[in-house]
Amino acid sequence: MQRTLSLTLATSLMMFPQIVETLYSPALTHIAAGFGVSAEVAAQTLSCYFFAFAAGVVVWGRLCDVFGRRPAILAGLAVYMLASLIAMFSDTFSLLLCARMMAAFGAAVGSVGTQTCIRDCFDGHQLARVFSLMGIALAISPAVGVLSGAVLTHYWGYQGVFSALAAIAAILLAWASGQLPETRPPQRAESAFFSTLGRMTQDRDIWRSAVLVALFNICMFSYYQLAPFLFKELNIPPHWFGYTGLVLAVGAMVGALVNQFFIARAWTFTALLTLACLVSVTAGILLLILEKTVWFVLPMVLVMIAYGIAIPNILARALRNYKDCMGTAGAILGLFYYLLLGGGLILAGLSQRLGMVLLLSSLCALILAISVRHRQG
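Visitor: Account for the overall build of the protein, naming residues and giving values.
Guide: Counting secondary structure elements, the protein contains 13 helices and 0 strands. Each helix (α) and strand (β) of the protein, taken in turn from the N terminus, gives the series α-α-α-α-α-α-α-α-α-α-α-α-α. A compact globule built from 377 residues would reach a C-alpha radius of gyration of about 21 Å, and the protein, at 19 Å, matches this within 12%. Oriented by its inertia axes, the alpha-carbon framework of the protein measures out at about 60 × 45 × 35 Å. In the protein, which comprises 377 residues, the proportion classed as buried is 59%. Intrachain contacts of the protein at a sequence separation of at least 6 include 87% that bridge at least 24 residues.

Okay, structure coming up:
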């Protein structure tokens, strides 16, 4: 297959994991009521999702190197579609949880497979610009997901959400079957998984990248995990949670535009990272103050701005020394940060304190950013 990679398709595949997960978020209160479980237990479906996602990242990333990018991506989408159908007809919470973990395993291909294709086709400054554009999509996709999920939940309940998830996977599977090229280089060095794992485990820069990605994602996903229950506690109609997606989309767009503005003016990675961390710390302080009021949504705009600045730059830079094993290295990096993310969301779900989660995560990210600046200085 000689076609070039379509950035429209790549963007859609990159958005897929975040859209389908946040689309599910508004259904959490319905799931808690429908299956007779507590808010803390229902919230853990999100943290379990990311542990399974981490396993999927490893498997699909390795398959990208062994069998090719295209077959791995198609197989992952098919697994997600099947898992969503199982979830739709689940009659016990245990079966639902298993189906959600299976779905997470399949969805992981949208992250690691797409990033691998992009890194195959672009390099250097061009790669940074592509990831900056992807950053717009990554920042907006949760807002799109939560708004869509709120509408589906309001009219059709959580079964409507799962049917929509299956439909999204089916559409992407058909699109990718017709348009996705194989981007794996014909001349490539064979790289064993465990040797790459050992190499990356000893790479401090990889660990810094993994922790930073996890921390910024904890800041964002803890909102989708905990906010539905905050809305319920404040006696705000549940569907209003979905409308906050519009507010968050504003922050996402601002963050992406700020990122592109400063990249065009040759700001360094450390400067952009420090800026994102300071914005996120400010959001954590404000949210801690406003957490018991309806205005707690507003600081999340700053969280989205910080996310839009930080994540594209971290991802574009992280694997610059692993060109010889891009798929496997992407899988291992994803394993690291999704395990960290899953663990962080378990703690967030148990705490049910959104403001504290955001502030602590942001402060940890700022400390790491300062250490990176000192190391490079």
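Visitor: Tell me about empty space enclosed by the protein, residues and numbers included.
Guide: Sizing a probe to match a water molecule and rolling it over the atoms shows the empty space that remains. In this structure the tally under the stated criterion is 3 cavities of 30 Å³ or more. As a volume, the largest cavity reaches approximately 210 Å³. Lining the largest cavity are 19 residues; nearest its centre among them are Gln18, Ser111, Leu138, Tyr307 and Tyr338. Looking at the lining of the largest cavity, the elements with two or more residues in it are helix H1 (7-24), helix H3 (39-66), helix H5 (93-121), helix H8 (204-233), helix H11 (299-318) and helix H12 (326-351). By residue number, the principal contributor to the lining of the largest cavity is H1, which donates 4 residues. Of the residues contributing to the lining of the largest cavity, the split by class is 14 nonpolar, 4 polar and 1 charged. In this structure, the second largest cavity encloses a volume near 60 Å³. Of all the secondary-structure elements, those providing two or more residues to the lining of the second largest cavity are H5 and H12. Counting residues per element, the lining of the second largest cavity draws most heavily on H5, which supplies 5 residues. For the lining of the second largest cavity, the class distribution of residues is 4 nonpolar, 5 polar and 1 charged.

Visitor: Explain a nonpolar patch on the surface to me, and be specific about the residues and the numbers.
Guide: On the surface, Leu288, Met356, Leu360 and Leu363 cluster together into a nonpolar patch covering about 310 Å² of accessible area. Element by element, the count of residues in the nonpolar patch is highest for helix H13 (residues 354-376), at 3 residues. Looking at the element boundaries, Leu288 is found in helix H10 (residues 269-290). Classification of Leu288 as partly exposed rests on a relative accessible area of 31%.

Visitor: Account for the pattern of salt bridges, with residues named and values stated.
Guide: Under the counting rule described, the total for this entry stands at 7 salt bridges. Notably, a salt bridge pairs Lys292 with Glu233, separated by 3.4 Å at the nearest N-O pair. Here the residue Lys292 occupies a position in the loop between H10 and H11, and Glu233 occupies one in helix H8, the gap between them amounting to 59 residues. With respect to class, Lys292 is no different from Glu233; both count as exposed. A single network of salt bridges, built from pairs that share partners, joins Asp65, Arg69 and Asp120.

Visitor: So what about unusual backbone geometry? Which residues, and what values?
Guide: The general pattern is negative phi for most residues beyond glycine and trans for most peptide bonds. Of note in the backbone geometry, Asn235 takes a positive phi value of approximately 60° without being a glycine. Topologically, Asn235 is positioned in the loop between H8 and helix H9 (239-264). A relative accessible area of 71% means that Asn235 is categorised as exposed. Positive phi, normally seen in glycine, also occurs at Ala266, with a value near 60°. If you trace the backbone, Ala266 turns up in the loop between H9 and H10.

Visitor: Which residues make up helix H7 (residues 193-201), and what are the values?
Guide: Among all positions in H7, only Phe193, Thr196 and Met200 are buried. All buried residues of H7 project into a common sector of 70° when viewed along the axis, lining one side.

Visitor: Can you lay out helix H2 (residues 28-35) for me, pointing to particular residues and giving the numbers?
Guide: Buried within H2 we find Leu28, Thr29, Ile31, Ala32 and Phe35. For H2, the buried positions fall inside an angular range of 160° around the axis, keeping them on one side. Seen from the open side of H2, the exposed residues pointing more than 90 degrees away from its buried face are Ala33 and Gly34.

Visitor: Quick rundown of the state of the cysteines? Include the residues and the values.
Guide: The tally for this structure, following the rule as stated, stands at 0 disulfides. With no disulfide of its own, Cys117 lies closest to Cys64 among cysteine sulfurs, the gap being 6.5 Å.

Visitor: Any chance you could break down the packing of H1 against H5 for me, citing the residues and the numbers?
Guide: Each pair of packed helices gets described by two things: the angle between the helix axes and the distance between those axes. Their axes nearest at 8 Å, the elements H1 and H5 cross at an angle of 150°. Our classification of the angle between H1 and H5 gives roughly antiparallel. Like other packed secondary-structure pairs, H1 and H5 cross with a definite hand, here left-handed. Judged by residue contacts, Ala10, Leu13, Met14, Phe16, Pro17, Glu21 and Tyr24 of H1 engage Arg100, Ala107, Gly110, Ser111, Thr114 and Gln115 from H5. Across the contact of H1 with H5, the residue classes break down as 7 nonpolar, 4 polar and 2 charged.

Visitor: Could you give an account of the side chain of Glu21, with specific residues and numbers?
Guide: Relative to the helices and strands, Glu21 resides in helix H1. With relative accessibility at 2%, the residue Glu21 sits in the buried group. Here Arg100 takes part through its side chain, which lies 2.5 Å from a polar atom of the side chain of Glu21. In contact with Glu21, other than residues within four places in its own chain, are Leu46, Tyr49, Phe50, Arg100 and Phe221.

Analysis parameters
All residue numbers here refer to positions counted from 1 along the written sequence of the relevant chain. Thresholds applied to this predicted model are a pLDDT of at least 70 for local features of residues and 80 or more for the giving and counting of side-chain atom pairs; totals over whole chains, interfaces and linings are not thresholded and use all residues. Computation of side-chain values covers all heavy atoms of the structure but excludes hydrogens and water. Secondary structure is summarised from DSSP: a helix means a run of H or I of at least four residues, a strand means a run of E of at least two, and numbering begins at the N terminus for each. Every radius of gyration here is taken over C-alpha atoms, with the globule rule written as 2.2 Å times N^0.38, N being the number of residues. Residue exposure (1.4 Å probe, protein chains only): buried if accessible area is under 20% of the type maximum, exposed if over 50%, otherwise partly exposed. Note on definitions: a residue-residue contact is assigned when non-hydrogen atoms from the two residues lie within 4.5 Å. Think of a 1 Å grid over the protein atoms and nothing else: a 1.4 Å probe that fits but is trapped marks a cavity, an open set flanked by protein within 12 Å on at least five of seven lines marks a pocket, and residues with an atom within 4 Å of a point count as lining. Grid points are joined across faces, edges and corners, and a volume is the space filled by probe spheres set on the points. In the scheme used here, Gly and all other residues not listed as nonpolar or charged are polar, with Ala, Val, Leu, Ile, Met, Phe, Trp, Tyr, Cys and Pro taken as nonpolar and Asp, Glu, Lys and Arg as charged. The patches reported here contain residues having more than 30% relative accessible area and no salt bridge. Joining distances are 9 Å for like charges and 5 Å for nonpolar side chains (Val, Leu, Ile, Met, Phe, Trp, Tyr). Only the protein chains shown count as cover for residues, with accessible areas throughout obtained via the Shrake-Rupley method and a probe of 1.4 Å. Any carboxyl oxygen of Asp or Glu that lies within 4 Å of a side-chain nitrogen of Lys or Arg is treated as forming a salt bridge with it. Note: the arc covers the axis-to-C-beta directions of the helix. When two cysteine sulfur atoms are found within 2.5 Å, that pair is recorded as a disulfide. In this description, a line fitted to the C-alpha atoms serves as the axis of each element, helices being fitted only across the stretch in contact, and the angle between N-to-C directions of two axes falls anywhere from 0 to 180 degrees. In these notes the angle categories are as follows: under 35 degrees is roughly parallel, over 145 is roughly antiparallel, 65 to 115 is roughly perpendicular, and the rest is oblique. The handedness criterion is simple: a crossing whose near helix is rotated anticlockwise from the far helix by less than a right angle is left-handed, and one whose near helix is rotated clockwise is right-handed. In protein, a polar contact means a hydrogen-donor-capable atom and an acceptor-capable atom, both N or O and within 3.5 Å, with residues adjacent in sequence counting only if both atoms are side-chain atoms; elsewhere, any N or O pair within 3.5 Å suffices.

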